[in-house]
Amino acid sequence: MSARAAIAVLSVLAVVGLLTFGLLSKGSSRVAVGEAAPASPLPRLEGGGTSSLADYRGRWVLVNIWASWCVPCREEAPALEEFQRDHGGPGFTVLGIDSRDLSGDARAFVEHYGLSYPQLRDGNGDTAHDYGTTGVPENYLIGPDGRVRQVIVGPVDTEYLDEQVAPLLPGGGRS
Amino acid sequence: MRPRLALAVWLGVAVTLLAVGALSAQAATPRPQTSLSEISAEVMCPVCGTLLELAESPQAQREKAFVSRLVAAGRSKDEIKDALVEEYGTEVLALPQGSGFDLSAYLVPIVAFVIAAIALAVGVLRWRRAGDPPGGESGQAPDGPSAADSERLDADLARYDL
């Protein structure tokens with residue numbers, strides 16, 4: 001192969017590689033049931049260090065990805081808090097992940113709805129991207145082994161939580 | 001002191017105090033160093049994936065309100081951008097940073113332009129050389145006729161030699 005041909009081939013490969021990198025870095029696919037849930041450490045919304053899903057290994061966790069500007073998130077927040085009060089404990093917790101939101105607005109949201117479950121902050125949306133979310137809210141039920149058991153795109157309500165999530169929890173949902 | 005004089009003195013003092021108060025209040029109010037429109041043209045709405053100035057989503061509205069509050073508080077453009085980066089990460093900046101991998105966004109076009117200019121210059125030189133007639137502008141062969149041509153020329157001349 002002549003030098004010119006080699007340069008041409010290398011140039012084409014470089015452009016194709018750049019385009020492929022761009023597509024791969026932008027795209028994301030939703031985590032599927034049975035897959036390990038993303039567990040990158042995130043700062044706590046209220047401050048005081050970081051935490052991650054891995055800290056809850058051995059418990060059922062309902063990961064709720066939300067934002068304060070999202071109207072459906074406001075609608076589901078009371079149901080999540082009620083479910084946490086009824087079922088939260090050593091065997092289960094709701095874990096809020098506030099994504100692409102202003103921290104002040106998010107803290108005001110938590111205070112307004114009296115949310116007692118732990119909240120993490122995903123300011124740049126990387127964790128939401130790792131889950132493959134296409135919007136907020138989205139909910140992921142994670143088993144004690146850290147694997148995804150249910151994916152709920154959109155808000156949850158009391159009926160769904162009681163009928164679909166509670167029966168999976170230890171002791172029929174009473175922790 | 002007569003009552004009229006005393007009243008005038010008190011009025012003078014009151015006016016002076018009011019003026020000083022107004023001036024100090026004006027001095028305490030921070031003067032905006034930038035504007036929402038200026039910032040909005042240089043930062044992104046992270047959820048929409050567009051410039052903030054083009055976005056009208058609920059998240060964009062919150063972001064604009066946040067910027068407006070900082071503008072009103074007299075924060076500079078850099079300070080406001082830093083605050084946005086703290087909230088949303090570096091993806092909120094519409095312009096690539098001048099360091100790290102983002103620096104390539106500025107360097108690659110310059111390098112590409114230089115390479116293209118060099119390639120064009122080399123191409124033009126080669127094209128001009130290829131277009132030159134043999135022997136340069138005079139049209140004469142630099143080394144004269146070949147041996148075969150000389151022999152043939154001599155033979156032809158000999159044929160017509162009288």
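Residues numbered from 1 in each chain as written. Chains lettered and ligands numbered in written order. Predicted model: local features only at pLDDT ≥ 70, side-chain atom pairs only at ≥ 80, totals over all residues.

Student: Hey, could you run me through the overall build of chain B in this one?
Tutor: Per the secondary structure count, chain B includes six helices and two strands. Shown N-terminal to C-terminal, the secondary structure of chain B runs as helices and strands in the order α-α-β-β-α-α-α-α. Looking at the 162 residues of chain B, the share that counts as buried comes to 14%. Restricting to contacts in chain B with at least 6 residues of sequence separation, those with at least 24 account for 47%. (Helix = DSSP H or I, 4+ residues; strand = E, 2+ residues; numbered from the N terminus. Buried ≥ 20, exposed ≤ 12 C-beta atoms within 10 Å, placed from the backbone. Contact = placed C-beta atoms within 7 Å.)

Student: Looking at this model, I keep getting lost on the nonpolar core. Mind explaining?
Tutor: It is characteristic of soluble globular proteins that their nonpolar side chains tend to be buried jointly. A:Val61, A:Leu62, A:Val63, A:Ile65, A:Leu95, A:Tyr140 and A:Ile142 are the most contacted members of the largest nonpolar core, which has 37 residues in total. At the level of elements, strand 3 (60–66), helix 2 (71–87), strand 4 (92–99), helix 3 (103–113), helix 4 (126–131), strand 6 (138–142) and helix 5 (158–165) of chain A are the ones that each hand at least two residues to this core. Looking at this core element by element, the count peaks at six residues for strand 3 of chain A. Discounting residues that sit within four places of it in the chain, A:Ile142 has contacts with A:Ala37, A:Leu53, A:Val61, A:Val63, A:Arg147, A:Val148 and A:Arg149. Formed by 15 residues, the second largest nonpolar core is a distinct cluster that contains B:Met44, B:Val47, B:Val71 and B:Ile80. (Core = buried A, V, L, I, M, F, W, Y, C linked by C-beta atoms within 7 Å.)

Student: Would you take a moment to explain the pairing of strand 5 (residues 119–122) of chain A for this structure?
Tutor: Regular strands place their side chains on alternate faces of the sheet. Residues and elements named next belong to chain A. In strand 5, alternate side chains face the same way, and those of Gln119 and Arg121 on one face and Leu120 and Asp122 on the other are all buried. By the bridge criterion, four bridges tie strand 4 to strand 5 in an arrangement that is parallel. For Ile97, the partnering residue across the bridge sits in strand 5 and is Leu120. For the segment spanning strand 4, helix 3 and strand 5, crossover handedness is right-handed. (Pairing = 2+ DSSP bridges. Right-handed = clockwise from strand over helix to strand, strands pointing away.)

Student: Would you explain the interface of chain B and chain A in this entry?
Tutor: It is common to report an interface's size as the accessible area lost on association of the parts. The interface of chain B with chain A comprises 10 residues on the first partner and nine residues on the second. Of all the elements, helix 3 (residues 58–72) of chain B adds the most residues to the side of chain B that touches chain A, at four residues. Split by residue class, the side of chain B that touches chain A holds five nonpolar, two polar and three charged. (Nonpolar A, V, L, I, M, F, W, Y, C, P; charged D, E, K, R; others polar.)

Student: Quick question: what am I supposed to make of the domain arrangement of chain B here?
Tutor: Once the domains are mapped, chain B shows domain 1 (29–93) and domain 2 (96–124). In this structure, domain 1 of chain B and domain 2 of chain B have C-alpha centres spaced 31 Å apart. (Domains from an automatic or database assignment.)

Student: For this particular structure, what's the right way to read the sheet that holds strand 3 of chain A?
Tutor: Paired through their backbone hydrogen bonds, the strands of a sheet run either parallel or antiparallel. Residues and elements named next belong to chain A. In space, the five strands of this open sheet follow the order 5-4-3-6-7, with mixed pairing throughout. Of all the strands in the sheet, the pair left with one neighbour each is strand 5 and strand 7 (148–153). Strand-to-strand twist of the sheet, defined as the mean angle between neighbouring strand axes without regard to direction, takes the value 20°. Relative to strand 6, strand 3 runs antiparallel, the two sharing five bridges. Of the residues in strand 6, the one forming a bridge with Ile65 is Glu138. Across the sheet, helix 2 is in contact with strand 3 and strand 4; its angle to strand 4 comes to roughly 155°. (Axes fitted to C-alpha atoms, helices over the stretch in contact; angles between N-to-C directions.)

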